[in-house]
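# Structural description and commentary
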Amino acid sequence: MTIEKALVVGTGLIGTSAALALQEKGVTVHLSDVDAHAVRLACELGAGREWTGEEVDLALIAVPPHLVGERLAELQKQGAARTYTDVASVKVDPIADAERLGCDPTSYVPGHPLAGRERSGPAAARADLFLGRPWALCPDTRTDAAALRLTRELVSLCGAKAVTVGAREHDAAVALVSHAPHVAASAVAASLQSCDDVALSLAGQGLRDVTRIAAGNPLLWQKILSGNALPVADVLDRIAADLASAASALRSGDTDGVTDLLRRGVDGHGRIPGKNSGPAPPVPAAP
């Protein structure tokens, strides 16, 4: 079983990037979106052709998390594809929505590519967006083996690496490695809102690195965070406790308290895999 025809529902950054990657591999891609302008732009960019109801091998649902179940139910009712997957950055709530709406779980493989940019929309899409990146798949015991194989083929065609994980485990993990960092970056960026021009004139690359992801779409991130609220809140509580302790240590002149946080930061940073999800390259010795 191979993917010859695919449908991408949602022509934002992720959906259009997946469509571009599939097109490069010779897959015939159909595009659908409630935003007619977004579909036209994605078509003009070479991501595929507008969908007119043809049946496909696989449908990729690239809509915000709270809409996944609704779109899945609609597509399955139409018999649009043999296999369905999504790219929502939370999994527990969309799966529950699909269950509530009576969706067929055997042909649905919940998914989430761990890739993105601070820009959004089809114009920001790139065919290599997923290259070497992890792509979480969260099948359950009812998932058909053929549907899982086809979804893993999609991941491979996009250049990503499939990682099978439970839905709850996934949501706890992305709270730590994606969602809470976005909130933390936003908090740092928000502190710049009222600063003077002198401070901004001294801004270097470090500040840009820390705040880059804060440029993401606030309305989309509101939906993401509300769908994973408790795990994100737990991580933010731990970060806030560390920051409060550091502030207290600085006020009291206890530099050891700050040094401990800095050292743990170095250790944590050292555990982050390299760009292609392999071990991080060694730091060269100082001359």
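What you see is a predicted model; the values in this text were computed from it and never measured.

### Considering the packing of aromatic side chains
- Per the stated rule, a full pass over the model turns up one aromatic pair.
- Summarising the aromatic geometry, the rings of Phe130 and Trp135 are spaced 5.1 Å apart at their centres and angled 45° between planes, so their arrangement reads as tilted. Comparing Phe130 with Trp135 shows no difference in burial state: the two are buried.

### Quick notes on the pattern of salt bridges
- Under the counting rule described, the total for this entry stands at nine salt bridges.
- Ionic pairing is found between Glu70 and Arg71, a salt bridge with its closest N-O pair at 3.0 Å.
- Look at Glu70 and you get partly exposed, because its relative accessible area is 38%.
- Classification of Arg71 as buried rests on a relative accessible area of 15%.
- With a shortest N-O distance of 2.9 Å, Arg126 and Asp128 are connected by a salt bridge.
- Residue Arg126 is classed as partly exposed on the basis of its relative accessible area of 37%.
- By sharing partners, the salt bridges in this structure join Glu99, Asp140 and Arg142 into a single network.

### A short note on the pairing of strand S4 (residues 56–61)
- The buried count for S4 comes to six of six residues, which makes it a mostly enclosed element.
- As defined by bridge partners, strand S1 (residues 5–9) adjoins S4 across four bridges and the pair is classed as parallel. Following the sheet pairing, Val8 is matched in S4 by Leu60.
- In this structure, S4 lies alongside strand S5 (residues 81–86), joined through five bridges in parallel fashion. Note that in S5 the partner of Ile61 across the bridge is Asp86.
- The handedness of the S4 to S5 crossover, carried by helix H3 (residues 68–78), is right-handed.

### A word on the confidence of the model for the chain
- Per-residue confidence for the chain gives a mean pLDDT of 92, with 95% of residues at or over 70.
- Long-range and interchain partners of residues 276–287, a stretch whose pLDDT sits below 50, account for eleven contacts in this model, where long-range means more than four residues apart.

### Let's talk about the environment of Thr2
- Residue position: Thr2 is located in the segment before S1.
- Put simply, Thr2 and Leu13 are eleven residues apart on the chain and 25 Å apart in space, counted from C-alpha to C-alpha.
- Once residues lying within four places of it in the same chain are set aside, the contact partners of Thr2 are Asp57, Arg82, Leu150 and Glu153.

### Here's the deal with the pairing of S5
- The buried fraction of S5 is high, at five of six residues.
- The pairing of S5 with strand S6 (residues 108–109) spans two bridges and is parallel. By the bridge assignment, Thr85 is partnered in S6 with Val109.
- What joins S5 to S6 is helix H4 (residues 92–100), and the crossover it makes is right-handed.

Analysis parameters
Residues numbered from 1 in each chain as written. Predicted model: local features only at pLDDT ≥ 70, side-chain atom pairs only at ≥ 80, totals over all residues. Heavy atoms only, no water. Phe/Tyr/Trp six-rings, centres within 6.5 Å; stacked < 30°, edge-to-face > 60°. Buried < 20%, exposed > 50% of the residue type's maximum accessible area, 1.4 Å probe, protein only. Salt bridge = Lys/Arg side-chain N within 4 Å of Asp/Glu carboxyl O. Helix = DSSP H or I, 4+ residues; strand = E, 2+ residues; numbered from the N terminus. Pairing = 2+ DSSP bridges. Right-handed = clockwise from strand over helix to strand, strands pointing away. pLDDT = per-residue confidence, 0-100. Contact = heavy atoms within 4.5 Å.

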